[in-house]
Amino acid sequence: MQILSKVFDHRIKAYNILTEISISEYLEIAKIILENNPFQRKRLKSSSSIYSLLKQDLKLGCTIPPLVLALSNENIEINNVDENQYLDYINSQREKLIILDGLQRTYTLLDAANELDAENHENKRNFYDNRLRFEIYLGLNKIGILYRMLTLNTGQSPMSVRHQIEILYSNYLNENIPEGISLLKEVDEETPHQIGEYRFNDVIDGFTSYIVRDESSLDRRDLLESIKSLEKLALENPDKDLFQNYVITYNNLVKKIQQLAGNWKFDDQEIISGKPFGSTVDKIFNKSQVMTGFGAAIGFLKDRKVINSFDDINNHIDSIQVINNDQNFLDQLIIKLDNISKTAKKIGNSQRMYFYCLFKELFNSSSESFLKVDESIESSYKTYYKLHD
C-alpha cells in the first residue's frame, strides 16, 4: 500500500487519504470487511450483466475509479504523522473498515480472482499484481460516515438510509452501550426479557426514524428522501455519538415509565377485542412501533427548535408525571391501541403514527400535556384521529 495524497474534508472534519494498492492486498482487506459485517450490502442482481463485462475487463488489466472506505475513530490524531504511521494504523484497524462506495466493484474483483484461481489461468499473477486506488476517510465519527455514505450512494440503486445505518452501527452488537443496555441479534432468536434489552433491528428502525423524521415503515427510501436526510444530518453535532444518545435517552424514558407504573400488568382481557399491544412495560416499549414514533417525534421537535438535542429530552425525563397518580394509566394506552387496530388499514403504521403523536405531546413544552404521560396518552389519541379525518 502506498499513500499518494492527503486532503482534509472540511464538511465532515476528516482526512481523505488516497492510496494505491495491489489487487491481491485489497482483496485481503475486502474479505475481512465482508466477514466482519453481515449487514454489508449484497450483490445487485439487476446489474449482473454490467459487472460481468467489468469482470472480463479486470482480468485483462483494466483500471477502475477509486473505491472509497472509511475508518471510524474520532479520537485518532492524524495531523502530524508520517506515511508509515498512517499505514501502520490502517493495517492495524482493518477489521473496522467499512466500504462506502465500490462494494459491487469489490464483489466483481472477488469473482474475477475466484475464476482465475479455479482455472489456474496464466494471467492470474498479472491480475493480482495490477494496481488500484482507494480513498480512505480517517478520524471521523459515524454521523460523518453516514453523511458521506449518503452522498456517495446516489446511483441507480442507492442503498436505503436504514440499511446504511444498519451497516454503520452493527458494531454495537458486540460492544457495550453504557447503563447496561444490550442490543440483541434476531439471528440468534434472542427475545428482550427486561428493560434495557432491545432488538438491534428495532433500535435501527427507531434511529432511522429520527434521522429521516418519519415514523412510517423504513425499508425503502428514494433519492429525494436521502437528500432530505442529508439536510437533517448537516444540523447534527459531529462531536456526539448520536446513535448512543438515542438509545440511552429512549432507555431512560422507559425506566421512568416503569417507575411511574410500578408493578403494572395488563390482565383485563375482556375490555379489549384482541391481543394487547403489550402486557408489561418492557413488552410495550421493546417494539419497533414505539421506537420509530419516539425517533420521529424527537426529530420533529428538534426541527421546530423546541429542543436542541437529546440532552434536553434527558433533562425532562425526571419531571414526567402521572397527573391522577394512577399506576394503571397504561391500561388506557392499551385500550386506545386496541381501538386503533379496529379501523387501521395497516396496523403497524397506525401504531407508529399514534406513538409519534404521543411523544410529540409529551415533550413539546407548548403542549398542555407537556411531561404528563397520562394526559399525553389521551390528547395524542385525539390528534391521531384528527390526522385520519
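It should be noted that the structure appears before, not after, this text.
Quick caveat: nothing in here was measured; it's all calculated off a predicted structure. Each chain carries its own residue numbering, running from 1 in the direction its sequence is written. Side-chain atom pairs in this predicted model are given and counted only at pLDDT of 80 or more, local residue features only at pLDDT of at least 70, and totals for whole chains, interfaces and linings cover all residues. Values reported for side chains reflect all heavy atoms of the structure, with hydrogen atoms and water molecules removed beforehand.

To continue, consider empty space enclosed by the protein. Think of a 1 Å grid over the protein atoms and nothing else: a 1.4 Å probe that fits but is trapped marks a cavity, an open set flanked by protein within 12 Å on at least five of seven lines marks a pocket, and residues with an atom within 4 Å of a point count as lining. Grid points are joined across faces, edges and corners, and a volume is the space filled by probe spheres set on the points. Taken as a whole and judged by the stated rule, the model has four cavities of 30 Å³ or more. When its volume is computed, the largest cavity comes out at roughly 80 Å³. As for the largest cavity, its lining consists of Ile257, Phe285, Phe329, Leu330, Leu333, Phe355, Leu358, Phe359, Leu362, Val373 and Ile377. Listed by contribution, the elements that provide at least two residues to the lining of the largest cavity are helix 14 (329–343), helix 15 (347–363) and helix 16 (373–387). In terms of residue count, helix 15 provides more of the lining of the largest cavity than any other element does, four residues in total. Three residue categories are used. Nonpolar comprises Ala, Val, Leu, Ile, Met, Phe, Trp, Tyr, Cys and Pro, charged comprises Asp, Glu, Lys and Arg, and polar comprises the others, including Gly. Broken down by class, the residue content of the lining of the largest cavity amounts to eleven nonpolar, no polar and no charged. Only DSSP runs of H or I reaching four residues or more are called helices, and only runs of E reaching two or more are called strands; each is numbered from the N terminus.

If you look at the biggest cluster of nonpolar residues, it comprises 82 residues, and the most contacted ones within it are Leu183, Phe207, Phe359 and Phe363. With eleven residues, the single largest contributor to this core is helix 10 (residues 242–261). Discounting residues that sit within four places of it in the chain, Phe363 has contacts with Leu253, Phe294, Ile298, Leu301, Val306, Ile313, His316, Ile317, Ile320, Phe370 and Leu371. Buried Ala, Val, Leu, Ile, Met, Phe, Trp, Tyr and Cys residues that are joined via side-chain atoms within 4.5 Å together make up what is termed a nonpolar core. For the exposure calls, accessible area comes from a 1.4 Å probe over protein chains only, and a residue counts as buried if that area is under 20% of its type's maximum, exposed if over 50%, partly exposed in between. Met1, Ala30, Ile64 and Leu109 belong to the second largest nonpolar core, which has 36 residues in total. Only heavy atoms matter for contacts: two residues are in contact if any of them lie within 4.5 Å across the pair.

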